[in-house]
Amino acid sequence: MPSVIHWFRRDLRIADNTALYHAAAGGSVIPVYILSSWKGQHYWTGANRQHFLCGCLESLAKNLETLSGRLIIREGDALTELRKLLSETGATAIHFNRDPDPFGKAVEKELTDLCTELGVACHGHDDVAMHNPSEVLTQTGNPYKVYTPYSRNWLSLEKPAPLPKPKSLNTPPGIPSLPLPTTAHWGLKTPSAELPEPSERAARSRIARAVSEITAKYSARRDLPAEDGTSRLSQDLRYGLISIRTLYAKVIAGQINASSAARPSIDIYIKELAWRDFYFAILHHFPHVLNHEFNEDWKGLPWDEPGENFEKWKRGETGFPIVDAGMRQLLKTGFMHNRVRMITAMFLTKDLHIDWKLGESHFMQHLTDGEIASNNGGWQWSAGTGADAAPYFRIQNPWTQTARYDPDGIYIKRWIPELANIHPKRFQAPPEDGRPLAPGYPLPCLDHKTERDRTLAIFKKHRGA
Ligand SMILES: Cc1cc2nc3c(=O)[nH]c(=O)nc-3n(C[C@H](O)[C@H](O)[C@H](O)COP(=O)(O)OP(=O)(O)OC[C@H]3O[C@@H](n4cnc5c(N)ncnc54)[C@H](O)[C@@H]3O)c2cc1C
């Protein structure tokens, strides 16, 4: 019986996996994952995500065994490894789910050429987004640059249904494989951060919890970082432990049974899923966003050199409690609440005047859910340079943001234990007496109003120029 290869990439699950489903229809499947061989420091990757990836691969290997499959691990350049595997196994086709990032797309193009050269069928499938970027276009066939009309169109489209998991894979015996990796493979230490359990089963129970406990109250709680009010599924979507179709189908099923009061809140949750697709589409249609401002007006903005204040920002020692709490949550857990991502990102770009690309890279090194498109979109939104970004003159004030979103200081105290005994009102304005809030906690490293005025002047001057 001829075999076909399924090349696992960011789709580390057996259920509702488009390429795996189609590969299995052809008979015997050789599932392969190819480890990258970079070592040590990487400006866009770090121990949290690699550790999570290792867990995902371990659980995937077990899940594949339940389908008479065996995960083959290889290491190195994807094209070289796939060429070798084709020649070792005589496989007649390769299936893979398409990648949303320019780096992955470049490899796919080379793979298509390789398959043509070898006379092997090459099947790329759409899987990662709910709707492919070319499905959601304006009436004139152009990409959207603004989220609201994009989301209206996105919401109006029929949603693809989940696919069943394959019945059997029948991987041929005897194909050599490397052992499952640990973070040491990349020269990294096991992270100290407590990461979510990396398995398809755990991700599915996180969906179940989101549907039963989160989405109905999402609109009231999603902006409050002290609350457990968001679904915490971003790392699962990032590594494909769940598919966006399955998540959507479960949320809609929950909405049908929800009270009429809860339904609008669930609609708001669904619109967040459209943001994810929106940023995939922006990256697809405007790949220059990886290196430049989306909005040409802001190309070449003069940023300050990252000095000691950048280090303070990374460590969570700026003296702005809400900023520091967010940055410490990131270091301790590999996650940061969305509202605080916006506050910390705006602080870096509008108060410290530091290039958003440096913040983008720091987030990518630490976030377990680090997703190139969403991270870039979130950073450019906060910097005021992106698609549908906050206009440059709308600059969040970290003190008033605290009063609004963490009025009782619960989130701040959770991540900054030095401040445990401080009255929360004192997190909502700079210290009046000019003294630190607590021993060991720094004074604010700058005056927000002064830096806000400077940002306005920089942006105005740049636009004039
Ligand atoms: C500066 C900055 C950087 C960000 N970097 C990332 C990143 O690297 N990876 C990432 O997945 N998200 C990123 N986001 C978006 C958002 O913060 C996270 O998706 C969210 O906090 C994940 O938590 P959750 O799963 O509980 O989200 P929920 O609030 O429960 O939302 C459900 C899902 O919707 C999607 N989603 C929600 N909000 C957004 C958004 N604004 N943009 C895109 N998708 C969204 C995510 O897939 C999320 O898992 C970033 C936002 C900002 C402002």
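All figures in this text were calculated on a predicted structure; none of them were measured in a lab.

**Side note on the domain arrangement of the protein**
1) Next: Once the domains are mapped, the protein shows domain 1 (3-127), domain 2 (129-161 + 200-285) and domain 3 (296-464).
2) Next: Contacts between the two partners involve 22 residues from domain 2, matched on the other side by 22 residues from domain 3.
3) Next: Interface of domain 2 and domain 3: buried area, both sides summed, is about 1900 Å²; carbon and sulfur atoms make up 61% of it.
4) Next: On the domain 2 side of the interface with domain 3, the three residues burying the most area are Asp-223, Pro-225 and Tyr-279, jointly 34% of the side's total.
5) Next: If you look at where domain 2 meets domain 3, you find one salt bridge.

**Here we look at the packing of aromatic side chains**
1) Next: If you walk through the whole model with that rule in mind, you get 24 aromatic pairs.
2) Next: Consider the rings of Tyr-392 and Phe-393, whose centres lie 5.5 Å apart with planes at 75 degrees: the pair is edge-to-face.
3) Next: Among the aromatic residues, those joined into a ring-pair cluster are Tyr-144, Tyr-147, Tyr-150, Trp-275, Phe-278 and Tyr-279.
4) Next: Geometry around Trp-154 places Lys-159 over its ring, the cationic atom sitting 4.4 Å from the centre.

**A short note on the sheet that holds strand β4 (residues 93-97)**
1) Next: If you walk across this open sheet you meet the five strands as β3-β2-β1-β4-β5, and the pairing is parallel. Every interior strand has two partners, whereas the edge strands, β3 (72-75) and β5 (121-125), have only one. Each adjacent strand pair in this sheet contributes to an overall mean axis angle of 25 degrees, direction not counted.
2) Next: Here β4 runs beside β5; their pairing, made up of five bridges, is parallel. Counted as the bridge partner of Phe-96 is Gly-124 from β5.
3) Next: The sheet strands contacting helix α2 (residues 47-65) are β1 (3-8) and β2 (28-35), and the helix crosses β2 at an angle near 165 degrees.

**Overview of the site of the ligand**
1) Next: Around the ligand, the structure places 27 residues, and the nearest of them are Tyr-218, Thr-230, Ser-231, Arg-232 and Asn-338.
2) Next: Ser-234 places a main-chain nitrogen or oxygen 3.1 Å from an oxygen atom of the ligand.
3) Next: Between an oxygen atom of the ligand and a main-chain N or O atom of Glu-371, the distance comes to 3.0 Å.
4) Next: For the ligand, the accessible surface in isolation is 820 Å², of which the surrounding protein chains cover 95%.
5) Next: Every element with two or more residues in the shell around the ligand is listed here: α8 (234-239), α10 (263-285), α13 (338-351) and α15 (372-383).

Criteria and cut-off values
- Residues numbered from 1 in each chain as written.
- Predicted model: local features only at pLDDT ≥ 70, side-chain atom pairs only at ≥ 80, totals over all residues.
- Heavy atoms only, no water.
- Domains from an automatic or database assignment.
- Contact = heavy atoms within 4.5 Å.
- Buried area = accessible area lost by both parts, 1.4 Å probe.
- Salt bridge = Lys/Arg side-chain N within 4 Å of Asp/Glu carboxyl O.
- Phe/Tyr/Trp six-rings, centres within 6.5 Å; stacked < 30°, edge-to-face > 60°.
- Lys NZ or Arg CZ within 6 Å of the ring centre and 35° of its normal.
- Pairing = 2+ DSSP bridges.
- Helix = DSSP H or I, 4+ residues; strand = E, 2+ residues; numbered from the N terminus.
- Axes fitted to C-alpha atoms, helices over the stretch in contact; angles between N-to-C directions.
- Near = heavy atom within 4 Å.
- Polar contact = N/O pair within 3.5 Å; in protein donor to acceptor, adjacent residues only side chain to side chain.
- Areas by Shrake-Rupley, 256 points an atom, 1.4 Å probe, with all protein chains shown as cover.

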